[in-house]
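Reading the structure
Listed below are the residues making up each chain.
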Amino acid sequence: MKVIESVEEFQQLISGDKAVVVDFFAQWCPPCKMIGPRFVKISEENPDVTCVKVDVDANTGAARIAGIRAMPTFKSFKNGQVIGEVVGANEGAIRQLVEKAKTA
């Protein structure tokens, strides 16, 4: 799964007219490590939704723009706007977020 490395890449990705779901994570975060592989699986099951990751320590600018306060946080964006959010490692809620992104 693609990890967004720069603020510019992040802004370009979320400003498009296709919904994007972003996993904001940290390498040191145990819940992030637990849910990360499940998010990859959810992404593989939904190839029509763009799913990416942002390491909040490596890309602090993107995390700041998105208003990330806890990890993991999953946010969906379309046309530069947040269309959904899940804070925490809740697989069911993340699946719902991805489903909602399909119809956004």
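Residues numbered from 1 in each chain as written. Predicted model: local features only at pLDDT ≥ 70, side-chain atom pairs only at ≥ 80, totals over all residues. Heavy atoms only, no water.

When you go through the protein residue by residue, the secondary structure sums to four helices and four strands. The secondary structure elements of the protein, listed N-terminal to C-terminal, are α-β-α-β-α-β-β-α. A compact globule built from 104 residues would reach a C-alpha radius of gyration of about 13 Å, and the protein, at 12 Å, matches this within 12%. Along the first, second and third principal axes, the C-alpha atoms of the protein reach 35 × 30 × 20 Å. Across the 104 residues that make up the protein, the buried fraction comes to 45%. Restricting to contacts in the protein with at least 6 residues of sequence separation, those with at least 24 account for 69%. (Helix = DSSP H or I, 4+ residues; strand = E, 2+ residues; numbered from the N terminus. Rg over C-alpha atoms; globule rule 2.2 N^0.38 Å. Buried < 20%, exposed > 50% of the residue type's maximum accessible area, 1.4 Å probe, protein only. Contact = heavy atoms within 4.5 Å.)

This brings us to the environment of N90. Positionally, N90 belongs in the loop between β4 (81-87) and α4 (91-103). Take N90: its relative accessible area is 42%, and that puts it in the partly exposed class. Separated by 17 residues in sequence, N90 and T73 place their C-alpha atoms 10.0 Å apart.

Sheet architecture is open: four strands sit in the order β2-β1-β3-β4, paired in mixed fashion. Because the sheet does not close on itself, it has two edges, and the strands there are β2 (50-55) and β4. The sheet shows a mean angle of 20° between the axes of neighbouring strands, taken without regard to direction. Here strand β1 (residues 20-25) runs beside strand β3 (residues 73-78); their pairing, made up of five bridges, is antiparallel. (Pairing = 2+ DSSP bridges. Axes fitted to C-alpha atoms, helices over the stretch in contact; angles between N-to-C directions.)

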